[in-house]
Amino acid sequence: MYRKVTFTLAAAFAVIALTAIAAGAQNFPKVRELRMDRATPPQGTACIECHKQETPGIFADWAMSRHASAGITCLDCHQAQPGEGDITTSHEKYYSMGNLPMGEKQYYVPVASAVTPKDCSRCHPDEAKQYSKSKHANTLEIIWKIDPWLNGGMNSENERKTGCFYCHGTVLKMKDGSLDKDTWPNVGVGRLNMDGSLGSCTSCHTRHRFAVMEARKPETCGQCHLGPDHPQIEIYNESKHGDIYQAFKQEYNFNSAPGAWTPGVDYRAPTCASCHMSGSGNVATTHDVTERISWETQAPLTIRPSEFKPLPAATDWKVERDKMKNICSQCHGQAWIDDFYNQLDTSVKEYNEVYFKPAKKVLDELYAKGLLDKTKYFDEHLEVTFYELWHHEGRRARMGTAMMAPDYAWWHGFYECKHHYNQFMEEARHLIDTNTKAYRYPDFPNATGSTTRPEQIFGKK
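Only a predicted model underlies this, so the values are computations on that prediction, with no experimental measurement involved.

Draft legend 1. Spotlight on the overall build of the protein chain. In terms of helices and strands, the protein chain carries 20 helices and four strands. Contacts in the protein chain between residues far apart in sequence, at least 24 positions, make up 61% of those at least 6 positions apart. Of the roughly 25000 Å² of accessible surface on the protein chain, 56% is carried by carbon and sulfur atoms.

Draft legend 2. Representation of helix α19 (residues 406–434) in the model. Helix length check: α19, at 29 residues, gives a terminal C-alpha distance of 40 Å against a target of 42 Å (1.5 Å per residue), a fit within 8%. Among the residues making up α19, those that are buried are Tyr408, Ala409, Gly413, Phe414, Cys417, His420, Tyr421, Phe424, Met425, Ala428, Leu431 and Ile432. Check the buried side of α19 and you find it contacts α13 (232–238), α17 (334–368) and α18 (381–402). Phi turns positive one or two residues past the end of α19, at Asn435, with a value near 50°.

Draft legend 3. Local environment of the nonpolar core. One finds Ala359, Val362, Leu366, Leu372, Leu382, Phe386 and Phe424 to be the most contacted residues of the largest nonpolar core, which totals 28 residues. The set of elements that each furnish at least two residues to this core consists of α17, α18 and α19. The next biggest cluster of nonpolar side chains, apart from the first, holds nine residues, and it includes Trp295, Ile337, Leu344 and Val348.

Draft legend 4. Representation of the state of the cysteines. Going through the model one piece at a time under the given rule, you end up with one disulfide. The side chain of Cys167 participates in a disulfide bridge whose partner is Cys224; the two sulfur atoms lie 2.3 Å from each other. Around the S-S axis, the bridge from Cys167 to Cys224 shows a dihedral of about -95° and counts as left-handed. Taken together, the residues span a long stretch of sequence, with Cys167 in helix α10 (residues 157–168) and Cys224 in the loop between α12 (218–221) and α13 at a distance of 57 residues. By relative accessible area, which is 16% here, Cys167 ends up buried. There is no disulfide at Cys77, and the cysteine sulfur nearest it, in Cys120, is 6.4 Å away. With a relative accessible area of 22%, Cys77 lands in the partly exposed category. Cysteine Cys221 remains unbridged, with the sulfur of Cys272 as its closest cysteine sulfur at 3.9 Å.

Draft legend 5. Seen up close, unusual backbone geometry. Here the residue pair Trp184 and Pro185 is connected by a cis peptide bond, since its omega of 5° sits within 30 degrees of zero. With respect to the helices and strands, the residue Pro185 is situated in the loop between β4 (178–179) and α11 (212–215). A cis amide bond links Arg207 to the next residue, His208, at an omega of 0°. Take His208: it is sitting in the loop between β4 and α11. Phi at Asp176 takes a positive value of approximately 55°, unusual for a residue other than glycine. Given a relative accessible area of 75%, Asp176 falls into the exposed group.

Draft legend 6. Spotlight on the packing of α17 against α18. Packing of α17 against α18 brings their axes to within 10 Å, and their N-to-C directions diverge by 175°. The orientation of α17 relative to α18 falls into the category roughly antiparallel. Along its contact with α17, which presents Phe340, Gln343, Leu344, Ser347, Tyr351, Tyr355, Phe356, Ala359, Lys360, Leu363, Leu366 and Tyr367, the element α18 presents Leu382, Glu383, Phe386, Leu389, Trp390, Gly394, Arg398, Thr401 and Ala402. Within the contact of α17 with α18, the residues separate by chemical class into 14 nonpolar, four polar and three charged.

Draft legend 7. Geometry of the packing of helix α2 (residues 42–54) against helix α3 (residues 56–63). Contact geometry of α2 with α3 gives a least axis separation of 5 Å together with a crossing angle of 125°. By the criterion of interaxial angle, the relationship of α2 to α3 is oblique. Only Pro56, Phe59 and Trp62 of α3 make contact with α2, whose side of the interface consists of Ile48, His51, Lys52, Gln53 and Glu54. Tallied by class, the residues present in the contact of α2 with α3 amount to four nonpolar, two polar and two charged.

Draft legend 8. The arrangement of the confidence of the model for the protein chain in detail. Averaged over the protein chain, the pLDDT score is 89; the fraction of residues at 70 or greater is 88%. Taken as a whole, residues 1–25 scores under 50 in pLDDT and shows 21 contacts with residues more than four places along the chain or in a different chain.

Draft legend 9. α10, seen in detail. Across its 12 residues, α10 extends only 14 Å between first and last C-alpha, which sits more than 12% below the 16 Å expected from 1.5 Å per residue. Turning to α10, its buried residues are Arg160, Phe165 and Cys167. Here the buried residues of α10 occupy an arc of 160° about the axis, which is enough to place them on one side. Those residues of α10 that are exposed and aimed more than 90 degrees away from the buried face are Asn158, Thr162 and Tyr166. Those residues of α10 that are buried lie in contact with α8 (139–146) and α9 (148–151).

Draft legend 10. Structural context of the pattern of salt bridges. The full count for this structure, using the stated rule, is 17 salt bridges. In this structure, Asp364 and Lys360 form a salt bridge, with 2.9 Å as the shortest nitrogen-oxygen distance. With Asp364 and Lys360 both in helix α17 and four residues apart, the pair spans about one turn of that helix. Judged by its relative accessible area of 36%, Asp364 falls in the partly exposed class. Bridged by salt links that share partners, the residues Glu291, Glu320 and Lys323 form one connected network.

Draft legend 11. Geometry of the environment of Cys224. By relative accessible area, Cys224 is classed as partly exposed at 25%. When the C-alpha atoms of Cys224 and Ser203 are compared, they prove to be 9.6 Å apart, with 21 residues separating the residues in sequence. If we ignore the near neighbours within four places in the chain, the residues touching Cys224 are Cys167 and His230.

Draft legend 12. Representation of the environment of His91. Summarising the element assignment, His91 is placed in the loop between β1 (87–88) and β2 (111–112). Residues His91 and Val109, spaced 18 residues apart in sequence, show a C-alpha to C-alpha distance of 8.5 Å. With residues up to four places along the chain from it excluded, the contact list for His91 reads His51, Tyr108 and Val111.

Conventions we followed
- Residues numbered from 1 in each chain as written.
- Predicted model: local features only at pLDDT ≥ 70, side-chain atom pairs only at ≥ 80, totals over all residues.
- Heavy atoms only, no water.
- Helix = DSSP H or I, 4+ residues; strand = E, 2+ residues; numbered from the N terminus.
- Contact = heavy atoms within 4.5 Å.
- Areas by Shrake-Rupley, 256 points an atom, 1.4 Å probe, with all protein chains shown as cover.
- Expected span 1.5 Å × (residues − 1).
- Buried < 20%, exposed > 50% of the residue type's maximum accessible area, 1.4 Å probe, protein only.
- Core = buried A, V, L, I, M, F, W, Y, C linked by side-chain atoms within 4.5 Å.
- Disulfide = S-S within 2.5 Å.
- Axes fitted to C-alpha atoms, helices over the stretch in contact; angles between N-to-C directions.
- Parallel < 35°, antiparallel > 145°, perpendicular 65-115°, else oblique.
- Nonpolar A, V, L, I, M, F, W, Y, C, P; charged D, E, K, R; others polar.
- pLDDT = per-residue confidence, 0-100.
- Arc of directions from axis to C-beta.
- Salt bridge = Lys/Arg side-chain N within 4 Å of Asp/Glu carboxyl O.

Here's what the structure looks like:
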């Protein structure tokens, strides 16, 4: 049976009373003490008292959280049910007779180290449901469907774990009563948990503070959305939105209540969350970042989100564009908004028609004539060049336009597209004209990763 969380006003009254007393003792330092709610089970108290000594950083974070103020303890998130597959045995040693207060009879409480969206859904059902439909939650499946590094075994298991899976997520497993070191630690947004849920809420609301203010700041998104292939944080910082944020962020009210964060009141210019998740105008808050998107700019060929085969969005791009326009209209006039989308659509069309489609046509011809080999990806120069054309500068051009960053739209984007396109076409046409097979790298380093797709995601095939 799920644990019961008791909410009480006792803690609030205690704080009021202590404040009044402290006001009368003007010259005496106040002794700070976290007072446990009477409804907290003795096992929950024992957890807190132990972690106060063993991991004071964790305790301090929790003590400052809204969870603590609501009487939610370690057990409310970490307690497992007997027989569940993610129970850790490391806590058993802490449960011995006589450790509980008031002489309570001691018994073992099963604990899971990894807290999952399914656990969080007991108090946050809407957020968990929205998140489960998002590209964030399903990103591990997406990369296993489209990523040549994984499917071609072109990087090592550790390179994947410390790089790809750090953000995209691992497939969690247990080994000898603890989380398997090959899959842990990990808080990837698409992590596959042993209870079947996807993701980790602590990707954005880091434990054990779980602050909404953290998820509203662009630095949080910048943990994963950065670098040569999807530099959203760099693009944001270059944009007018980012410039205003850096100049005035000390005036932003990031602690506004969930669903009540208001442009012009709590912040001057939007952050990532303002546009993609937070409620504004007539648009409700969502934890599904797939919403409000009208182009799939991460794909090789730019398409509508519903046409993205690895994870077709169950949305109408026109409806979602209107949602985003409504967000924009909180600060911009209609002409500005319409003209912005016109230039985005033009950039998408030019990328698709001028750069990607002609290069893809030639790539297919090389494979058809046997001049490129499909056995391994990235072991031939043209494969790398084509990959970077769409995966690096092609994305930067589109994303730079979408977020109004001119340097990324041009110098890091279309400018680089032109050079990679010319290099690719020159070498490709030479191979076709001379009927010569492309040179293959004889020793591609550390290409030792498994090419077997995780059964937990795709099933046995």
